[in-house]
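Close look at the chain arrangement
One-letter residues, chain by chain:
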Amino acid sequence: MTENPEQQMGPPTRFLRMSEVQARTSLSRSTIRRWVKQGIFPQPIALGERVQGWIEAEIDQWIRERIVASRGVGETVAH
């Protein structure tokens, strides 16, 4: 029996709009835009002609990387 293609891909990808990215990262709109241009923040995905979103997993990874960089390599993050 073969698996459904959606089951093979893992959890569904969710897109975050700018307001949610701002809330999750505590960054301003201008900082996010500047860091995207500088290549230090994930690139948004075009969802339509004038609509962009960020891949949730990429934002989550970026946040984890900032925590590790801030706390030092090898340190664990307290929950």
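Here, every reference points to the structure presented above.
All of the points below concern the structure found in this document. Since we're looking at a predicted model, the values are computed, not measured.

On inspection of all chains with the given rule, the structure shows five salt bridges. Here Arg24 and Glu20 are joined by a salt bridge, their closest N and O atoms 3.8 Å apart. With Arg24 and Glu20 both in helix α2 (residues 18-25) and four residues apart, the pair spans about one turn of that helix. Taking the relative accessible area as the measure of exposure, Glu20 reaches 26% and is therefore partly exposed. Notably, a salt bridge pairs Arg24 with Asp60, separated by 2.7 Å at the nearest N-O pair. With Arg24 in helix α2 and Asp60 in helix α4 (residues 56-71), this pair connects stretches of sequence that are 36 residues apart. Several salt bridges share partner residues, and in doing so they unite Arg14, Glu20, Arg24, Glu56 and Asp60 into one network.

Once that is clear, we can look at the pairing of strand β3 (residues 52-55). Bridge analysis of strand β1 (residues 15-16) against β3 gives two bridges, and the strand direction is antiparallel. Bridge pairing in β3 places Phe15 opposite Ile55. As consecutive antiparallel partners, strand β2 (residues 45-46) and β3 are separated by five residues.

With antiparallel pairing, the three strands of this open sheet are ordered in space as β1-β3-β2. Both edges of this open sheet fall to β1 and β2, since each of them pairs with a single strand only. Of the strand pairs in this sheet, β2 and β3 are connected by two bridges, and their pairing is antiparallel. In the strand pairing of β3, Ile45 is matched with Gly53. The strands touched by α4 within the sheet are β1 and β3, with β3 carrying the most contacts at an inclination of about 60°.

Turning next to the nonpolar core. With 10 residues, the main nonpolar core is built from Leu16, Met18, Val21, Leu27, Ile32, Val36, Phe41, Trp54, Ile59 and Trp62. Counting residues per element, the ones that place at least two in this core are α2, α3 (29-38) and α4. Excluding residues that lie within four positions of it along the chain, Ile32 makes contacts with Met18, Val21, Gln22, Thr25, Leu27, Phe41 and Trp54.

The rules behind these values
- Residues numbered from 1 in each chain as written.
- Predicted model: local features only at pLDDT ≥ 70, side-chain atom pairs only at ≥ 80, totals over all residues.
- Heavy atoms only, no water.
- Salt bridge = Lys/Arg side-chain N within 4 Å of Asp/Glu carboxyl O.
- Helix = DSSP H or I, 4+ residues; strand = E, 2+ residues; numbered from the N terminus.
- Buried < 20%, exposed > 50% of the residue type's maximum accessible area, 1.4 Å probe, protein only.
- Pairing = 2+ DSSP bridges.
- Contact = heavy atoms within 4.5 Å.
- Axes fitted to C-alpha atoms, helices over the stretch in contact; angles between N-to-C directions.
- Core = buried A, V, L, I, M, F, W, Y, C linked by side-chain atoms within 4.5 Å.

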